Amino acid sequence: QVQLVESGGGLVQAGGSLRLSCVASGRTVLDVFMEWFRQAPGKEREFVAGISRFGSATDYADSVKGRFTISRDNAKNTVYLQMNSLKVEDTAVYYCAASLRTMAARPDGMDYWGKGTLVTVSS
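Residues numbered from 1 in each chain as written. Predicted model: local features only at pLDDT ≥ 70, side-chain atom pairs only at ≥ 80, totals over all residues. Heavy atoms only, no water.

*Asks:* Can you walk me through the packing of aromatic side chains in this structure?
*Replies:* Aromatic rings in a pair are described by how distant their centres are and how their planes are angled relative to each other. For the structure on display, the rule yields 3 aromatic pairs. Relative to Phe47, the ring of Phe37 lies with its centre 5.8 Å away and its plane at 75°, an arrangement referred to as edge-to-face. Taken together, the residues span a long stretch of sequence, with Phe37 in strand β4 (residues 33–39) and Phe47 in strand β5 (residues 46–51) at a distance of 10 residues. An aromatic cluster of three or more residues is present, and its members are Phe37, Phe47, Tyr95 and Trp113. Directly above the ring of Tyr95 sits Arg45, whose terminal nitrogen or CZ lies 3.7 Å from the centroid. (Phe/Tyr/Trp six-rings, centres within 6.5 Å; stacked < 30°, edge-to-face > 60°. Helix = DSSP H or I, 4+ residues; strand = E, 2+ residues; numbered from the N terminus. Lys NZ or Arg CZ within 6 Å of the ring centre and 35° of its normal.)

If you want it as structure tokens, here you go:
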């Protein structure tokens, strides 16, 4: 079992930055691929970014490339999502997720989920 707890969400103006954190417990993050997803009101959950177990590979949705950066500190069992140049359309609940098998980049490929943290970007 892996428990995931996100933090760092909040209200920010367009153009601003936020850093989300996801702390894993119950199992070392070295065992899992970590990803961030988001879900806006009335929309399906979508992939945002993913990182391999040792951080050697990352993947991003086209909509966030060049603005968001995923990273991990395995010593702290923590994964981060640095979000810069935020846009109103980035408003969503952001979820941290873990996969035991691969960097899936889709919700049905994940094994564990956090409860989410709300990011609101105002114009």
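*Asks:* Whenever I open this one, the pattern of salt bridges confuses me. Can you help?
*Replies:* When charged atoms on two side chains of opposite charge get close, those side chains can pair. Under the counting rule described, the total for this entry stands at 6 salt bridges. For Asp111, the salt bridge is made with Arg101, and the minimal N-O distance between the two is 2.9 Å. Of the two residues, Asp111 is situated in the loop between β9 (92–99) and β10 (112–113) and Arg101 in the loop between β9 and β10; the sequence distance between them amounts to 10 residues. You can call Asp111 partly exposed: its relative accessible area is 31%. (Salt bridge = Lys/Arg side-chain N within 4 Å of Asp/Glu carboxyl O. Buried < 20%, exposed > 50% of the residue type's maximum accessible area, 1.4 Å probe, protein only.)

*Asks:* Just to check I follow, could you spell out the sheet that holds strand β8 (residues 78–83) for this structure?
*Replies:* Whether parallel or antiparallel, the strands of a sheet pair through hydrogen bonds between backbone atoms. Taken together, the 4 strands give an open sheet; going across it, the order is β1-β3-β8-β7, and neighbouring strands pair in antiparallel fashion. Each of the sheet's edge strands pairs with one partner strand only, and the pair in question is β1 (3–7) and β7 (68–73). Across the sheet, the mean angle from the axis of one strand to that of its neighbour is 15°, orientation sign disregarded. One ladder, built from 5 bridges, connects β1 with strand β3 (residues 18–25); its direction is antiparallel. Paired with Leu4 across the bridge in β3 is Ala24. (Pairing = 2+ DSSP bridges. Axes fitted to C-alpha atoms, helices over the stretch in contact; angles between N-to-C directions.)

*Asks:* I tried to follow the environment of Met34 on my own but got confused; where do I start?
*Replies:* For Met34, the location among the structural elements is in strand β4. Along the chain, Met34 and Ser52 lie 18 residues apart, while their C-alpha atoms are 6.7 Å from each other. In this structure, Met34 is in contact with Leu4, Cys22, Ala49, Gly50, Ile51, Ile70, Arg72, Val79, Cys96, Ala97 and Ala98, ignoring residues within four places of it in sequence. (Contact = heavy atoms within 4.5 Å.)

*Asks:* Got a minute to help me understand the nonpolar core in this structure?
*Replies:* Nonpolar side chains in soluble globular proteins tend to end up buried together. Counting residues in hydrophobic clusters, the biggest one holds 36 residues, and the most contacted among them are Leu4, Met34, Trp36, Leu81, Met83 and Tyr94. Sorting the residues of this core by element identifies β3, β4, β5, β7, β8, β9 and β11 (117–122) as the ones contributing at least two each. Looking at which element gives the most residues to this core, the answer is β9, with 5 residues. Not counting chain neighbours up to four residues away, the residues in contact with Leu4 comprise Cys22, Val23, Ala24, Met34, Cys96, Ala97, Ala98, Tyr112, Trp113, Gly114 and Lys115. (Core = buried A, V, L, I, M, F, W, Y, C linked by side-chain atoms within 4.5 Å.)

*Asks:* Can you help me understand the pairing of β8 in this one?
*Replies:* If a strand is regular, its side chains alternate between the two faces of the sheet. For β8, the tally of buried residues reaches 5 of 6 residues, placing the bulk of the element in the interior. Bridge count between β3 and β8: 6 bridges; the pairing is antiparallel. Counterpart to Leu18 in the pairing with β8 is Met83. Pairing analysis gives 6 bridges linking β7 to β8, with the strands arranged antiparallel. Bridge pairing links Asp73 to Thr78 in β8. Linking β7 to β8, which pair antiparallel, is a turn of 4 residues; within it Asn77 sits at a positive phi near 55°.

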